[in-house]
Amino acid sequence: TPSTRARTPTQVVRARLMPSFTRTDDWRGKLCVGATCEVSGEVAPGREPRWFEARVVEDRGDAVLVESVSGHLGRVAVGRGSERLCSLGTHCNGKPKGRPR
């Protein structure tokens, strides 16, 4: 199979990782107060996390304080690199604002 075959030096060079944000936008770095995004969080203890449309209310450098548009989640501090933070339309696409998915 291709994954188990020995690679030539040319193939190894092509397999190197590209620099970050070569083909995508650095949307996390551009988050500012008032920006919208999606955040996951528990609605009740022990329940599965749900995704909500949220608005950034405070920029803390490496983290942002977000608040769900519906108010179901309240204010939550989330690291910019966290998997709990997604660009708008990733999970809530086509859903009413703030509704769990």
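Since the model is a prediction, treat every value here as computed from it, not as a measurement.

1. A short note on the pairing of strand 3 (residues 63-68)
Consideration 1: In terms of burial, strand 3 is largely enclosed, as five of its six residues are buried.
Consideration 2: Of the strand pairs in this sheet, strand 2 (residues 50-59) and strand 3 are connected by five bridges, and their pairing is antiparallel. Directly across from glutamate 58, in strand 3, lies its bridge partner leucine 65.
Consideration 3: In this structure, the hairpin formed by strand 2 and strand 3 is closed by a connection of three residues, where glycine 61 is found at a positive phi of approximately 85°.
Consideration 4: Bridge count between strand 3 and strand 4 (residues 75-79): five bridges; the pairing is antiparallel. By the bridge assignment for strand 4, glutamate 67 is matched with arginine 75.
Consideration 5: What sits between the antiparallel neighbours strand 3 and strand 4 is a turn of six residues, in which glycine 71 has the positive phi angle 85°.

2. Looking at the side chain of glutamate 38
Consideration 1: As for its position among the elements, glutamate 38 is in strand 1 (residues 36-41).
Consideration 2: A polar side-chain atom of glutamate 38 sits 3.1 Å from the main-chain amide nitrogen of threonine 90.

3. Digging into the confidence of the model for the protein
Consideration 1: Considering every residue of the protein, the mean pLDDT works out to 81; 75% of them sit at 70 or more.
Consideration 2: No element of the protein has a lower mean pLDDT than helix 1 (residues 9-14), at 54, and none a higher one than strand 3, at 96.

4. Details of the sheet that holds strand 4
Consideration 1: Across the sheet, which stays open at both edges, the five strands sit in the order 4-3-2-1-5 with antiparallel pairing between neighbours. The strands lining the two open edges of the sheet, one partner per strand, are strand 4 and strand 5 (85-86).
Consideration 2: In this sheet, strand 2 lies alongside strand 1 in antiparallel orientation, the contact comprising six bridges. Directly across from serine 40, in strand 2, lies its bridge partner tryptophan 51.

Analysis parameters
- Residues numbered from 1 in each chain as written.
- Predicted model: local features only at pLDDT ≥ 70, side-chain atom pairs only at ≥ 80, totals over all residues.
- Heavy atoms only, no water.
- Buried < 20%, exposed > 50% of the residue type's maximum accessible area, 1.4 Å probe, protein only.
- Helix = DSSP H or I, 4+ residues; strand = E, 2+ residues; numbered from the N terminus.
- Pairing = 2+ DSSP bridges.
- Polar contact = N/O pair within 3.5 Å; in protein donor to acceptor, adjacent residues only side chain to side chain.
- pLDDT = per-residue confidence, 0-100.

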